[in-house]
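Spelled out, the chains give:
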Amino acid sequence: MAALLEEAYAAVAWESMAGTVEVEVKLTGNAGELAAAFDDLSGTRPTRRRLLTVYFDTPEGHLRRRGFALRIRTRRDTRELTLKQDVGDGLTRGEWTSPLPPGSGGDAPPMLDQLPPEAPIAYLGIVDPEALQPTFLTDIERRKKEVEISAALVEVALDTGRIVAGERRMPVAELEFELLSGPVGDMLGGVRSILRQRRLALGTRSKAAQGTDLLLGTAPPAARAERVKLDPADSIDQALARVVRAASVQVMGNLAPVLAAADPEGVHQLRVSLRRLRSALLFLRRHLGPRAADLNREARRALRRLGPARDFDVFLLETLPLVIEANPGVPALLRLREAAEGRRDAARASARKLILGRRFNRFVVDLLGVAHSGGLVVEDSDESLVDTARDRLTARRRSLLKAGKGFDHLTEPERHRVRIALKKLRYACDYSRTLFPGPGVKTYLRRLSALQDDLGRLNDASVARLVSAELAASDPHAAEGASRVGDWCDRWVRTAEPGLTEAWKSFAATEPFW
């Protein structure tokens, strides 16, 4: 997926769009707010059309598993076949469209050879095109007009209607911005302005993805980080744009999972994406200007808001079940779990409120702008990327070894500082590994990762003590449960101590790969 994304970006000259790449942003929210935002934009006279679209896939889901959607859209007397490729960054999608001959109709499966010759049919994994079946449909009323936003010409469409999958229905209300020509940054600036005025949020799920979830009864999956590939020939600004782009892909991919609240991994991966972003901005801080400082501040704010949801998820899903298993039949532990579930639900609601808030959405738009245009580096941009990365990695390793000096005698708060320093080095190594190819990379990262996991479990134990004590303070009936959690965590830390100390020594003695 990362390689496909890079190819998509390489194929797009942002000032003159390639024909098979769609650059689009969508907003979601209250239908009245969406309509008002549409009406606020001055442009050409709006047109109104009804769009009936049928999506196709094999029973095994060959297309959806590869990030593609195949559809036949009918509007008035015309029909067209379209293949789309969702690269997951919330802004660009591959698109290949062909008109269908008059007279073809119904739910007959489309013929793949009717797509344009450049369509990536070979990547679809479909051996027998006759296996394609209609899966769901969308019935949309679209109001559309063209709007000039600074130097960008943008098609703005207000879509309202429904998605239908068998007996299931889902309403649709979206405001879509598609770049026709001009700078993508100008279009994003217009979207940002709307987010400042209207209570709307970025939409991150295509109609195809929403229809698939409706069809299968699934929730949006959490998105993990994609590996960044830097080239020694990259400028510092180009390299940072690649890193920010990867962070933006992961951020956008985890907004819907957080809103759905079906999988706690969404909150975790969103926090990972924000930490990776902050790590990169701090890594190159001396080269950056105020725009980078603004992004860093907003990412830190979001991390703080998301922290309680993650803490309660870990406590309820990972730590407390082990304590209950070791102390069967203790009512106070069940009382503690009940209290924690209430706090977790409140923390998740706070996370959703953050994701829907104007400030966070403007931050994500800014992130997309940097990911696609760069421009964060303002000083010494012509310095060697390899030399810069080597100097910064050395400085981070030095800070980590200093924090971990006398590791076996460090207190819990001191080891927490070691863990933070180690995370910063880990993310920097992930970004920089392709600049220093060699056999030592895997060994170094393996030991670094193992130590991070060990220190992470130590931190989980510390958080469990704090969480349980806080819950017991407001519920005396849970006090015994909190005491049991504290005892279990103390025993676990004592048992893990020899292995943790050995992991630190092994890592500290490992020669850095750079």
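Placed above this text is the structure.
Each residue is numbered by its place in its chain's sequence as written, counting from 1. Under the rules for a predicted model, residues below a pLDDT of 70 receive no local features and side-chain atom pairs below 80 are neither given nor counted, while totals for whole chains, interfaces and linings still include all residues. The side-chain values count all of the structure's non-hydrogen atoms but skip hydrogen atoms and water molecules.

Undergrad: Requested: an account of the overall build of the protein, with residues and values cited.
TA: Regarding its fold elements, the protein presents 14 helices and 9 strands. The globule rule used for comparison is 2.2 Å times the number of residues to the exponent 0.38, while the radius of gyration itself is calculated over C-alpha atoms. Computed over its C-alpha atoms, the radius of gyration of the protein comes to 25 Å, within 12% of the 24 Å expected for a compact globule of 514 residues. Across its three principal axes, the protein shows a C-alpha extent of roughly 80 × 60 × 50 Å. Looking at the protein as a whole, 52% of its 514 residues are labelled buried. Should any heavy atoms of two residues lie within 4.5 Å, those residues are counted as being in contact. Considering only contacts within the protein whose residues lie at least 6 apart along the sequence, 73% involve residues at least 24 apart. Accessible areas in this description were obtained via Shrake-Rupley with a 1.4 Å probe; residue shielding takes into account the shown protein chains only. In the form shown here, the protein has an accessible surface area of approximately 23600 Å², with 50% of it arising from carbon and sulfur atoms. When charges are tallied, Lys and Arg are placed among the positive residues and Asp and Glu among the negative ones, while His and the ends of the chain are skipped. By convention, the point assigned to a charge is CZ for Arg, NZ for Lys, CD for Glu and CG for Asp. Separation between the mean location of the 79 positive side-chain charges and that of the 69 negative ones in the protein comes to 4 Å. Helix numbering and strand numbering both begin at the N terminus, where a helix is a DSSP run of H or I of at least 4 residues and a strand a DSSP run of E of at least 2. Between buried and exposed lies partly exposed: a residue is buried under 20% and exposed over 50% of the maximum accessible area for its type, with that area taken using a 1.4 Å probe on protein chains only.

Undergrad: Describe empty space enclosed by the protein, naming the residues involved and giving the relevant values.
TA: Using only the protein atoms, space was sampled on a 1 Å grid; points where a 1.4 Å probe fits but cannot get out form cavities, open sets with protein on both sides within 12 Å along at least five of seven lines form pockets, and lining residues are those with an atom within 4 Å of a point. Grid points are joined across faces, edges and corners, and a volume is the space filled by probe spheres set on the points. On inspection of all chains with the given rule, the structure shows 4 cavities of 30 Å³ or more. Considering only enclosed or pocket space, the largest cavity measures out at about 100 Å³ in volume. What lines the largest cavity is Leu230, Ala239, Val243, Ala280, Phe283, Leu284, Leu385, Thr388, Ala389, Tyr431, Ser432 and Leu435. Mapped by element, the contributors of at least two residues to the lining of the largest cavity are helix H6 (236-260), helix H7 (265-283), helix H11 (385-403) and helix H12 (412-432).

Undergrad: Provide a residue-level description of the packing of H12 against helix H14 (residues 479-508), including the pertinent values.
TA: All axes here are fitted lines through C-alpha atoms, helices being fitted over the stretch that makes contact, and every angle between N-to-C directions spans 0 to 180 degrees. Here H12 crosses H14 at 40 degrees, and the two axes come no closer than 14 Å. The orientation of H12 relative to H14 falls into the category oblique. In this structure, the crossing between H12 and H14 has a hand that is left-handed. Contacts between H12 and H14 pair Arg415, Val418 and Leu425 from the former with Glu497, Leu500, Thr501, Trp504 and Phe507 from the latter. We call Asp, Glu, Lys and Arg charged. Ala, Val, Leu, Ile, Met, Phe, Trp, Tyr, Cys and Pro are nonpolar, and the rest, Gly among them, are polar. Split by residue class, the contact of H12 with H14 holds 5 nonpolar, 1 polar and 2 charged. For classification, angles of less than 35 degrees are called roughly parallel, those exceeding 145 degrees roughly antiparallel, those between 65 and 115 degrees roughly perpendicular, and all remaining angles oblique. Helix crossings get a hand from a simple test, with the near helix turned counterclockwise from the far one by less than a right angle marking a left-handed crossing and a clockwise turn marking a right-handed one.

Undergrad: Lay out the pairing of strand E7 (residues 152-165) with the relevant residues and their values.
TA: Counting buried residues along E7, 10 of its 14 residues qualify, which places the element largely inside the surrounding structure. Pairing of strand E6 (residues 133-149) with E7 involves 13 bridges; the strand directions are antiparallel. Bridge pairing in E7 places Thr138 opposite Ile163. Paired strands, as defined in this entry, are two strands with at least two bridges between them according to DSSP. The antiparallel pairing of E6 with E7 creates a hairpin that spans 2 residues between the two strands, and Ser150 there sits at a positive phi of about 55 degrees. Of the strand pairs in this sheet, E7 and strand E8 (residues 168-181) are connected by 13 bridges, and their pairing is antiparallel. Counterpart to Val156 in the pairing with E8 is Phe177.

Purely spatial values, then, with no claim about function.
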